[in-house]
Amino acid sequence: MNQFGEFAFPEVVTPATRTYWVVQDKLLAGAYPGKPEPAKHRARLQALYGAGMRTFINLQEECETNNDRQPFVRYDSDLRKIAAKRNDTVSHLRFPIPDGGTARSSFASAVMATLPTA
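All values derive from a computational prediction rather than experimental measurement. Each chain carries its own residue numbering, running from 1 in the direction its sequence is written. Per-residue local features of the predicted model are confined to residues with pLDDT of at least 70, and side-chain atom pairs are confined, for both listing and counting, to 80 or more; whole-chain, interface and lining totals are unaffected and use all residues. Excluded from the side-chain calculations are hydrogens and water; all other atoms, namely the structure's heavy atoms, are used.

Visitor: Explanation requested: the overall build of the chain in the structure shown.
Guide: Helix and strand labels come from DSSP, where a helix needs a run of H or I of at least four residues and a strand needs a run of E of at least two; each type is numbered from the N terminus. Per the secondary structure count, the chain includes 3 helices and 4 strands. Projecting the C-alpha coordinates of the chain onto the three principal axes gives extents of approximately 50 × 35 × 30 Å. Relative accessibility thresholds used throughout: buried, under 20% of the residue-type maximum; exposed, over 50%; partly exposed, between the two (1.4 Å probe, protein chains only). The burial tally for the chain puts 24% of its 118 residues in the buried class. Per element, the accessible surface of the chain, about 8700 Å² overall, is 54% carbon and sulfur. One finds the centroid of the 15 positive side-chain charges in the chain at a distance of 6 Å from the centroid of its 12 negative side-chain charges. For the accessible areas, the method is Shrake-Rupley and the probe is 1.4 Å, while residue cover comes only from the protein chains on display. When charges are tallied, Lys and Arg are placed among the positive residues and Asp and Glu among the negative ones, while His and the ends of the chain are skipped. Each charge is placed at NZ for Lys, CZ for Arg, CG for Asp and CD for Glu.

Visitor: Any chance you could explain the packing of helix H1 (residues 38-50) against helix H2 (residues 76-84) here in plain terms?
Guide: Packed helices, taken two at a time, are described by the angle their axes make and the gap between the axes. Between H1 and H2, the shortest axis-to-axis distance is 10 Å and the interhelical angle comes to 55°. In terms of axis orientation, H1 runs oblique to H2. With respect to the hand of their crossing, H1 and H2 are arranged in right-handed fashion. Of H2, the residues touching H1 (which contributes His41, Arg42, Leu45, Gln46 and Tyr49) are Asp78, Leu79, Ile82 and Ala83. In this analysis an axis means a line fitted to C-alpha atoms, helices contributing only their contacting stretch, and an angle means the value between N-to-C directions, from 0 to 180 degrees. Any angle that falls under 35 degrees is termed roughly parallel, while one over 145 is termed roughly antiparallel, one within 65 to 115 roughly perpendicular, and all others oblique. Crossings are classed by handedness, with left-handed meaning an anticlockwise turn of the near helix from the far one by less than a right angle and right-handed meaning a clockwise turn. Every residue pair with non-hydrogen atoms within 4.5 Å of one another is taken to be in contact.

Visitor: So what exactly am I meant to see when it comes to the confidence of the model for the chain here?
Guide: Predicted coordinates in regions of low pLDDT should not be interpreted in detail. Scored by pLDDT, the chain has a mean of 88; 92% of the residues are at 70 or more. Within the chain, no element has a lower average pLDDT than helix H3 (residues 105-114), which sits at 84, and none a higher one than H2, at 96. The pLDDT score gives, residue by residue, the confidence of the prediction method on a 0 to 100 scale.

Visitor: Can you walk me through the side chain of Gln60 in this structure?
Guide: If you trace the backbone, Gln60 turns up in the loop between strand E3 (55-58) and H2. Its relative accessible area of 14% is what places Gln60 among the buried residues. Setting aside residues up to four positions removed in sequence, Gln60 forms contacts with Tyr32, Phe72, Arg94 and Pro96.

Visitor: Would you take a moment to explain a positive patch on the surface for this structure?
Guide: Candidate patch residues must exceed 30% relative accessible area and have no salt bridge, after which like charges are joined if within 9 Å and Val, Leu, Ile, Met, Phe, Trp or Tyr side chains if within 5 Å. Just to be clear on terms, a salt bridge is a Lys or Arg side-chain nitrogen sitting within 4 Å of an Asp or Glu carboxyl oxygen. A cluster of basic side chains, namely Arg42, Lys81, Lys85 and Arg86, defines a positive patch on the protein surface. With respect to the element layout, Arg86 can be found in the loop between H2 and strand E4 (91-94). A residue is classified by how much of its surface remains accessible, and Arg86, at 46% relative accessible area, is partly exposed.

Visitor: Please explain H2 as it appears in this structure.
Guide: For an α-helix, the turn length of 3.6 residues means that residues three or four places apart are oriented alike. Among the residues of H2, those classed as buried are Asp76, Leu79, Ile82 and Ala83. Along the axis of H2, the buried positions cluster into a sector of 120°, meaning they face one direction only. Packing partners of the buried residues in H2 comprise H1, E3 and E4. Arc definition: it is the arc formed by the directions from the helix axis to the C-beta atoms.

Visitor: Sorry, what's going on with the layout of surface pockets here?
Guide: Unoccupied space between atoms shows up once a probe the size of one water molecule is rolled over them. Of the grid points, spaced at 1 Å and generated over the protein atoms alone, those admitting a 1.4 Å probe that cannot get out make up cavities, while open sets with protein on both sides within 12 Å along at least five of seven lines make up pockets; any residue with an atom within 4 Å of a point is treated as lining. Grid points are joined across faces, edges and corners, and a volume is the space filled by probe spheres set on the points. The volume enclosed by the largest pocket comes to roughly 910 Å³. Forming the walls of the largest pocket are 34 residues, and the residues nearest its centre are Leu27, Leu28, Ala29, Thr55 and Ile57. Those elements giving two or more residues to the lining of the largest pocket turn out to be strand E1 (19-23), strand E2 (27-30), H1, E3 and H3. Grouping the constituent residues of the lining of the largest pocket by class yields 23 nonpolar, 7 polar and 4 charged. If you add up the space inside the second largest pocket, you get close to 270 Å³. Under this grouping Gly is polar, as are all residues other than the nonpolar Ala, Val, Leu, Ile, Met, Phe, Trp, Tyr, Cys and Pro and the charged Asp, Glu, Lys and Arg. For the lining of the second largest pocket, the per-class residue count stands at 6 nonpolar, 3 polar and 3 charged.

See the structure below:
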């Protein structure tokens, strides 16, 4: 145990690993939602869609790579296919922040303005 206590995982279940609810059942945040393996990629995206996620805000640069210098698998077209099978739509919005960079408050305001209100 350190001076801050032990890390505790949130007790609230999320639809995918490495995600957390910012606003319960309305706003989910987390790591890149895709996976390199096609089956895991589809399963993760379907879990997010199944949890009601319809707007995906991508903070990655267009050609960003992982730690092995491999490009991240795109997920926007796969999300649209998942939604189309259900006569639904999704939004994929890109607001890139360079690795190691920070965003200005105006950037955060622009991102927040894209979120659906409910």
